[in-house]
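What follows is the residue order along each chain.
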Amino acid sequence: MGNSIKQIANNKKAFHDFFVEESLECGIQLFGTEVKSLRLGQASIKESFCQIRNGECFIVGMHINPYERGNIFNKDPLRDRKLLLHRREIDRLLGKIKEQGYTLMPLRLYFKGSLVKLDMGLSRGKKIYDKREDMKKKAQRRELEKEFKKANIRV
């Protein structure tokens, strides 16, 4: 039906640098040429973050390349874009950010049917030793997979 999901951009760095404790889907307020550019897959959310100002949520630093044929209708590629959330959701997120030291990180950008959606994560920063532990676990998992492959090839 209309709920097919097509991924536009992914933020792998968020999972490396943060513990993502909760994720939330929200819409984004965009202009027509920005949506056309997103359909071509020309967006990046690597260096972006979400911020709550004056009771509204914004994504800061998300880059959407200007649409080739957009001429005067193109907007600034790095402008702040408003995220579409309910008041209760914004208040709950604001409370967690202030009290418990969380931050809002964009995790992935995708089309859900014809709508552009952002998966936003309520995250806590990792310390250096946490990152080292993750790297060790990843290396151990790779070794196990290699050994498993070798054992299955011989049989």
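These remarks concern the structure in this document.

1. Describing the pairing of strand β7 (residues 81-84)
Reasoning step 1: Of the two faces of β7, the one holding Arg81 and Leu83 is buried and the one holding Lys82 and Leu84 is not buried anywhere.
Reasoning step 2: Sheet topology places strand β2 (residues 18-28) next to β7; two bridges connect them, and they run antiparallel. Residue pairing across strands places Ile28 opposite Leu83, the latter belonging to β7.
Reasoning step 3: When strand β5 (residues 56-60) meets β7, the two strands line up antiparallel, connected through three bridges. Paired with Ile59 across the two strands is Arg81, which belongs to β7.

2. Observations concerning a positive patch on the surface
Reasoning step 1: Taken together, the side chains of Lys12, Lys46, Lys138, Arg142, Lys146 and Lys150 present a region of like positive charge at the surface.
Reasoning step 2: Here Arg142 lies in helix α4 (residues 128-154).

3. Comments concerning the pattern of salt bridges
Once the charged atoms of two side chains with opposite charge are near each other, the side chains can pair.
Reasoning step 1: Scanning the entire structure with this criterion turns up 11 salt bridges.
Reasoning step 2: Across the salt bridge formed by Arg53 and Asp80, the nearest N and O atoms sit 2.7 Å from each other. Of this pair, Arg53 sits in strand β4 (residues 49-53) while Asp80 sits in the loop between β6 (63-64) and β7; the two residues are 27 residues apart in sequence, bridging distant segments of the chain.
Reasoning step 3: Residue Arg53 is classed as partly exposed on the basis of its relative accessible area, which comes to 30%.
Reasoning step 4: Put simply, Glu56 and Lys82 hold a salt bridge, and the shortest N to O gap is 3.0 Å. With Glu56 in strand β5 and Lys82 in strand β7, this residue pair connects regions lying 26 residues apart in the sequence.
Reasoning step 5: The exposure class assigned to Glu56 is partly exposed, which follows from its relative accessible area of 30%.
Reasoning step 6: A network of salt bridges, in which partner residues are shared, links Glu22, Arg92 and Lys96.

4. Focus: the side chain of Arg79
Reasoning step 1: Here Arg79 shows up in the loop between β6 and β7.
Reasoning step 2: Side-chain polar atoms of Arg79 contact the side chain of Glu34, separated by 2.8 Å.
Reasoning step 3: In contact with Arg79, other than residues within four places in its own chain, are Gln29, Leu30, Phe31, Glu34, Ile59 and Met62.

So, how was this worked out
Residues numbered from 1 in each chain as written. Predicted model: local features only at pLDDT ≥ 70, side-chain atom pairs only at ≥ 80, totals over all residues. Heavy atoms only, no water. Buried < 20%, exposed > 50% of the residue type's maximum accessible area, 1.4 Å probe, protein only. Helix = DSSP H or I, 4+ residues; strand = E, 2+ residues; numbered from the N terminus. Pairing = 2+ DSSP bridges. Patch = residues over 30% accessible without salt bridge, like charges linked within 9 Å, V, L, I, M, F, W, Y side chains within 5 Å. Areas by Shrake-Rupley, 256 points an atom, 1.4 Å probe, with all protein chains shown as cover. Salt bridge = Lys/Arg side-chain N within 4 Å of Asp/Glu carboxyl O. Lys, Arg positive; Asp, Glu negative; His and termini not counted. Charge placed at Lys NZ, Arg CZ, Asp CG, Glu CD. Polar contact = N/O pair within 3.5 Å; in protein donor to acceptor, adjacent residues only side chain to side chain. Contact = heavy atoms within 4.5 Å.

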